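# Structural overview for review
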Amino acid sequence: MSKKLKIIVLVMSALLAILLSVSIGGADIPISDIGRVFAYRLFGAPLPSDMPSVTAGLIWNIRLPRVLLSFVVGASLAVSGSVMQSVLKNPLASSYTVGVSAGAGLGVVLIIVFGISSTVLGAFLMPLTAIVFGMATIVFAVLVASRMSHALNDQSIILVGMILSVFVNAIMMTFASRSPEYAQQIAMWQMGSLSMRGWHVVGIISAASTVLILWLCRYAKEMDILTFGDEQASAVGVDVKKMKWFLLLLSSMLTAVSVAFVGVIGFVDLIAPHIIRRFFGAAHRYVLPLSALFGGLFLVLADLLSRTLIAPSEIPIGSITALIGAPFFGYLFLKNSKRKAGAS
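Below you will find a few notes about this structure. (Residues numbered from 1 in each chain as written. Predicted model: local features only at pLDDT ≥ 70, side-chain atom pairs only at ≥ 80, totals over all residues. Heavy atoms only, no water.)

Attention shifts here to a nonpolar patch on the surface. Nonpolar side chains collect at one region of the surface, where Met1, Leu5, Ile8, Val9, Val11, Met12 and Leu15 lie side by side and expose about 650 Å² of accessible area between them. Tracing the chain through its elements places isoleucine 8 in helix H1 (residues 3–23). (Patch = residues over 30% accessible without salt bridge, like charges linked within 9 Å, V, L, I, M, F, W, Y side chains within 5 Å. Areas by Shrake-Rupley, 256 points an atom, 1.4 Å probe, with all protein chains shown as cover. Salt bridge = Lys/Arg side-chain N within 4 Å of Asp/Glu carboxyl O. Helix = DSSP H or I, 4+ residues; strand = E, 2+ residues; numbered from the N terminus.)

Right, dumping it as structure tokens:
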């Protein structure tokens, strides 16, 4: 199958997943009704007389924002993971495994527990706090790992990141136990949740993620060069240290924006880049946008499972991604260890 045809298949699969996810739920909705509600909302076309008003509200106000939010969050996490794996030259690297997600989550929990607000920042206080804490976490992880090993392409960065994640999660659980009124909200943040998010959240995350993803895509050539090694990159004029820090911080911002609104959702940023590289190669002009597309598709389907497997109850989305991602992480770890053992 040609690369062009595979891209078309991926795009069509993503669109189909979105339609199915809007259609399937506690009350199944015909796909034709989704098209009619779109026509009504966007072009003012009249709704069919036999369509209950509650159906139109369910599609537009509940299902569609949630599905689009899951797609945008999945795309953001996938691109972030793609960048981190490229910069650190480590197949196990992702915002989740190096502690960025946990750090950003801690920032949000502090806002919740201490009731911090700002008349100046308003709704942007939480995402900005998440960004600051997420970026601080990656900076700390990289600095500590660089003391353990001068090369950032070994397992040290993953080890430090996992230790940080455990430590930060312990802090959040301590806050939960000390503040019972916030315990459920903190627990949901740690497991991730896409429910009850309106169009305003979709708009904020979509705008921020689109800007950051397009910004990162501008450096696809530099990421390709970095894969050949630091010496080769320096030889062609790339400021390696500056470029690595810039890309790491930008990808951390991308993750933190999502965590600020939907909580910690792991392993999307680990799985999507590997799948895309397997089918489309390592060139970042393909890896970044197609990882976004596959990451969005993956999280839309994961959210559909979380809503329908034990309906009317709901499984936390983070549990679904962990059930898929943890074995995948183990497989990559063993594969990477065997490759290194064979090389030595």
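Continuing now.
Attention now goes to the packing of H1 against helix H3 (residues 53–88). Any two packed helices are characterised by how steeply their axes cross, that is the angle between the axes, and by the distance between the axes. For the pair H1 and H3, the least separation of the axes is 9 Å and the interaxial angle reads 145°. Seen along the crossing, H1 lies across H3 with a hand that is right-handed. Seen from H1, the contacting residues are Ala14, Ile18, Ser21, Val22 and Ser23; seen from H3, they are Ile59, Arg63, Leu64, Val67 and Phe71. Counted by class, the contact of H1 with H3 contains 7 nonpolar, 2 polar and 1 charged residues. (Axes fitted to C-alpha atoms, helices over the stretch in contact; angles between N-to-C directions. Left-handed = near helix turned anticlockwise from the far one by under 90°. Contact = heavy atoms within 4.5 Å. Nonpolar A, V, L, I, M, F, W, Y, C, P; charged D, E, K, R; others polar.)

Going through the model one piece at a time under the given rule, you end up with 6 salt bridges. In this structure, glutamate 314 and arginine 66 form a salt bridge, with 2.8 Å as the shortest nitrogen-oxygen distance. Of the two residues, glutamate 314 is situated in the loop between helix H13 (284–308) and helix H14 (317–343) and arginine 66 in helix H3; the sequence distance between them amounts to 248 residues. Note that aspartate 303 and arginine 307 form a salt bridge whose closest N and O atoms lie 3.5 Å from each other. Taken as a pair, aspartate 303 and arginine 307 lie in helix H13 at a separation of 4 residues, close to a single helical turn. Three or more residues are tied together by salt bridges with common partners; here these are Arg66, Asp303, Arg307 and Glu314.

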